[in-house]
Structures are given as C-alpha cells and as structure tokens.
Amino acid sequence: MLTGPSRALASAAGRVPPPALFVVSGLTQYLGAAIAVGLFAVVGAPEVAWLRIVVAALLLLAWRRPWRQRWTGRTLAWAAVFGVALAAMNVTFYVAIDHLPLGSAVAIEFIGPVAVAAITGRGWRERGGIAVAAVGVVLLAGVTLTSDLPREDVVIGLVAIGLAAACWAAYILLGRRVALAGSGVTSLSVAMAAGALVFAPFLAPSSGAVLEDWQLLLAVVGIAVCSSVVPYVLEQLILRRVSAATFSVLLAMLPATAVVIGAVVLQQFPSWLELVGLLLVSGAIAMTAQRTDPPPA
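Now for a description of the structure that goes with this document. (Residues numbered from 1 in each chain as written. Predicted model: local features only at pLDDT ≥ 70, side-chain atom pairs only at ≥ 80, totals over all residues. Heavy atoms only, no water.)

Moving on: the side chain of Thr-186. Residue placement: Thr-186 occurs in helix α8 (residues 151-203). Taking the relative accessible area as the measure of exposure, Thr-186 reaches 2% and is therefore buried. Polar contacts involving the side chain of Thr-186 include one to the side chain of Arg-64, which spans 2.6 Å. Non-local contacts of Thr-186, meaning those with residues more than four positions away in its chain, are made with Arg-64, Pro-66, Gln-69 and Trp-71. (Helix = DSSP H or I, 4+ residues; strand = E, 2+ residues; numbered from the N terminus. Buried < 20%, exposed > 50% of the residue type's maximum accessible area, 1.4 Å probe, protein only. Polar contact = N/O pair within 3.5 Å; in protein donor to acceptor, adjacent residues only side chain to side chain. Contact = heavy atoms within 4.5 Å.)

On to the packing of helix α3 (residues 45-64) against helix α9 (residues 214-239). The interhelical angle for the contact between α3 and α9, taken along N-to-C directions, is 65°, at an axis separation of 8 Å. Read as a crossing pair, α3 and α9 show a hand that is right-handed. Of the residues in α9, those touching α3 at Val-48, Leu-51, Arg-52, Ile-53, Val-55, Ala-56, Leu-59, Leu-60 and Trp-63 are Val-220, Val-221, Ile-223, Ala-224, Val-225, Ser-227, Ser-228, Val-229, Tyr-232 and Val-233. Its residues placed into classes, the contact of α3 with α9 shows 16 nonpolar, two polar and one charged. (Axes fitted to C-alpha atoms, helices over the stretch in contact; angles between N-to-C directions. Left-handed = near helix turned anticlockwise from the far one by under 90°. Nonpolar A, V, L, I, M, F, W, Y, C, P; charged D, E, K, R; others polar.)

The next thing to look at is the packing of aromatic side chains. Under the counting rule described, the total for this entry stands at two aromatic pairs. Arranged with centres 5.4 Å apart and planes meeting at 25°, the rings of Phe-82 and Tyr-171 form a pair that is stacked. Taken together, the residues span a long stretch of sequence, with Phe-82 in helix α4 (residues 73-97) and Tyr-171 in helix α8 at a distance of 89 residues. No difference in accessibility class separates Phe-82 from Tyr-171, as the two residues are buried. Centroid distance Tyr-171 to Tyr-232: 5.7 Å. Interplanar angle 50°. Geometry classified as tilted. Here Tyr-232 lies in helix α9 and Tyr-171 lies in helix α8, a separation of 61 residues in the sequence. Accessibility assignment for this pair places Tyr-171 and Tyr-232 in one class, buried. Lying across the ring of Trp-63, Arg-64 places its NZ or CZ 5.3 Å from the centre. (Phe/Tyr/Trp six-rings, centres within 6.5 Å; stacked < 30°, edge-to-face > 60°. Lys NZ or Arg CZ within 6 Å of the ring centre and 35° of its normal.)

Pasting the structure below:
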C-alpha cells in the first residue's frame with residue numbers, strides 16, 4: 001500500500017500525462033550525464049555506473065525503509081532480478097559509450113524497447129508507433145560507426161551495447177511487474193540494493209578513489225539523484241499507468257529531449273534529418289500515449 005508522501009507523490013503524478021513525466025525524467029538524466037562526463041578520467045565508466053547505483057540504493061532505502069514491509073520470497077526474488085537487470089543496463093551502457101559514439105550507442109540500444117513493443121503490442125497503434133519511433137530515434141542518434149574507430153573499440157562497444165539493449169528490454173518487462181505489485185518505489189529500493197551487491201565484487205575494489213575525495217563523492221551523489229533516483233521513481237509511476245509497449249515508445253522521448261537540450265543549452269542545433277526524427281518520435285507518442293492500462297485494483 002502507498003502511504004503518506006508516497007500516496008501524495010503517486011496522486012500528483014497521476015494527474016500529469018506520461019509524456020510530460022518523461023520530459024522531466026529526460027532532463028534530470030541528461031543533467032546527471034553532464035556531471036558523469038567529468039568523472040570518467042578519474043574513475044572508470046563501469047565504476048561510475050556502479051557507484052551511481054550504490055548511492056541511489058542507499059538514498060531510496062533510507063526513504064522507503066523496506067524492512068518495515070512484509071515480503072514474500074517471490075516478491076523479493078522478482079525485485080532482485082529486476083535490480084540486477086537495472087544495474088547491468090547501466091554498467092554495460094557506460095562501457096559502450098566509452099568505446100562508441102554516444103549517438104550510435106543510443107540508436108543500437110533502442111533495439112531493446114523496439115523488441116518489447118513489437119512482441120507485447122496488442123494493436124496497430126503500438127506496433128506501428130514503435131516502428132515510427134525507431135526510425136525517428138535512428139535519425140536523432142545519427143548512427144555513425146565510422147571506419148576510423150579502432151576495431152577493438154568497435155567490437156567491445158557493440159557487444160556492450162547489445163547487452164545493454166537486452167537489459168533494457170528486461171528492465172521494461174520486469175519493471176512493469178514490480179510496479180504493478182503495489183509497492184513499486186519500495187521494491188525499486190530493494191532492487192537497486194540487490195543490483196549494487198551483485199556487481200560489488202567486480203567494481204567496488206576499483207572505486208575507492210571516490211571515497212578519498214569529497215568533491216568526487218558529492219558528484220556521484222548528484223549523478224545518482226539525477227540519473228537514477230528521480231528518473232527510475234518516475235518510471236515506476238509511469239509503468240503503473242501504461243502498457244509495456246507504450247512505455248517503450250515513450251522511451252523514445254529521451255533522445256528527442258537530448259536534441260532539444262543540445263540546441264537550447266549548448267547551441268548544438270539539429271540538422272534537418274534530426275528535425276525529421278523529432279517529428280517521427282512526436283508522431284509515435286501521439287499514436288500510443290492515449291492508450292493506458294487501468295491501474296491495479
């Protein structure tokens with residue numbers, strides 16, 4: 001059950017259209033990404049991704065205090081699996097963008113949501129919408145796997161982003177199951193803790209530099225709040241209201257938001273092909289966003 005601030009948050013979010021919630025999610029994610037860029041030279045990309053999950057898990061655990069809730073073994077198991085998929089999605093994506101152009105990585109990773117929508121879509125709107133969105137995202141991302149990239153970088157990057165796409169698909173399907181269980185945000189805190197613990201043996205030993213510098217630690221907290229806590233909490237609320245296929249199409253708003261932010265903040269104006277991509281993504285959202293699943297009783 002939702003109580004106190006959680007009920008108020010869910011009630012407020014329920015009055016906001018899912019696309020608008022995704023805009024907020026996208027804005028915070030890109031702010032977190034901007035902070036993360038400065039850390040790659042000090043701490044490796046997978047370590048930054050893991051630290052982001054650790055800090056986000058600690059913040060959510062302190063907020064939600066899941067130990068006060070009665071859990072079944074089945075519910076805990078699903079939350080843990082969801083958390084591992086979430087953590088793997090972040091780690092593999094960070095590895096990919098360390099070897100591939102960001103635009104190429106985003107476009108390839110979108111294969112995950114495309115597959116979810118194609119398989120779970122129940123009508124022409126969702127299936128057609130995801131096809132339109134996929135074309136739009138490819139145009140926005142500007143897939144440029146150019147020949148001047150070292151072969152080793154291309155191989156590592158493609159393997160990593162392929163894994164990230166699979167994890168993204170799993171995140172959507174598992175996240176919807178967790179969200180509909182009735183305590184999505186609380187389950188999210190457990191999930192993120194599980195994901196952090198699973199990857200700790202591999203990434204914790206090489207992440208110690210952050211603990212020695214309070215400025216780095218503060219930057220990680222900022223990344224965690226902007227790129228994990230706010231977006232994933234909003235997505236849990238959205239997943240209670242829309243189908244997995246519709247959610248997959250709404251994810252296409254993220255690269256579209258990036259293009260808008262680049263133009264407004266960084267003066268990186270989109271080309272005509274990117275503008276076509278924005279129109280395609282907007283059309284896909286219009287095709288699918290009106291269809292929502294009824295909330296669970």
